Amino acid sequence: ADDVIVLLTWGDGSRGSLGHGLTTNELLPRVVTSLLRHRLHSVCCGGGATFVRAASGEVYSCGSSGYGLLGQGDAKGLVCVPQRV
């Protein structure tokens, strides 16, 4: 019952951390559709990055990958759709 069913993000999208595939700002909450197929457990966001843990234990991240921040193994610039870590 504590699981997140749908992830909604909004606000500053300039670093891709909203997870919608764009770098535009969102004034209203919007569903992160790429994660709909996953049962989500927890979310951590801020500083230009978003991290999501699925109930399976998999972790997904999006946003600014500078200095390896996203844990995806390389600096790709902006990752605008959550990718598995």
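The structure reproduced in this document is the subject of the present report.

Reading guide: rules and limits
- Residues numbered from 1 in each chain as written.
- Predicted model: local features only at pLDDT ≥ 70, side-chain atom pairs only at ≥ 80, totals over all residues.
- Heavy atoms only, no water.
- Helix = DSSP H or I, 4+ residues; strand = E, 2+ residues; numbered from the N terminus.
- Core = buried A, V, L, I, M, F, W, Y, C linked by side-chain atoms within 4.5 Å.
- Buried < 20%, exposed > 50% of the residue type's maximum accessible area, 1.4 Å probe, protein only.
- Contact = heavy atoms within 4.5 Å.
- Pairing = 2+ DSSP bridges.
- Axes fitted to C-alpha atoms, helices over the stretch in contact; angles between N-to-C directions.
- Salt bridge = Lys/Arg side-chain N within 4 Å of Asp/Glu carboxyl O.

It is worth spelling out unusual backbone geometry at this point. Although it is not a glycine, Tyr 67 adopts a positive phi angle of roughly 60 degrees. Along the chain, Tyr 67 falls in the loop between strand S5 (59-64) and strand S6 (78-84).

With that out of the way, let us pick up the nonpolar core. Ranked by size, the top nonpolar core spans 7 residues in total: Leu 7, Val 32, Leu 35, Leu 40, Val 52, Ala 54 and Tyr 60. Not counting the four nearest positions on each side in its chain, Tyr 60 is found in contact with Leu 35, His 38, Thr 50, Phe 51, Val 52, Ala 54, Pro 82, Gln 83, Arg 84 and Val 85.

With that out of the way, let us pick up the sheet that holds strand S4 (residues 49-54). The sheet built from 4 strands is open, its strands ordered S3-S4-S5-S6 with antiparallel pairing. Edge strands, defined here as strands with exactly one partner in the open sheet, are strand S3 (40-46) and S6. Sheet twist, expressed as the mean angle between neighbouring strand axes with direction ignored, is 10 degrees. Bridge analysis of S3 against S4 gives 6 bridges, and the strand direction is antiparallel. Along S4, the bridge assignment pairs Gly 46 with Ala 49.

As enumerated under the stated definition, the model contains 2 salt bridges in all. Glu 26 is the salt-bridge partner of Arg 30, the closest N and O atoms lying 2.8 Å from each other. Judged by relative accessible area, Glu 26 falls into the buried class, the value being 14%. The salt bridge involving Arg 84 is made with Glu 58; its shortest N-O contact spans 3.2 Å. A residue pair is termed long-range when its members are at least 10 positions apart, and Arg 84 in strand S6 and Glu 58 in the loop between S4 and S5 qualify at 26 residues. Residue classification places Arg 84 among the exposed positions, given a relative accessible area of 54%. On the basis of relative accessibility, which here comes to 22%, the residue Glu 58 falls in the partly exposed class.

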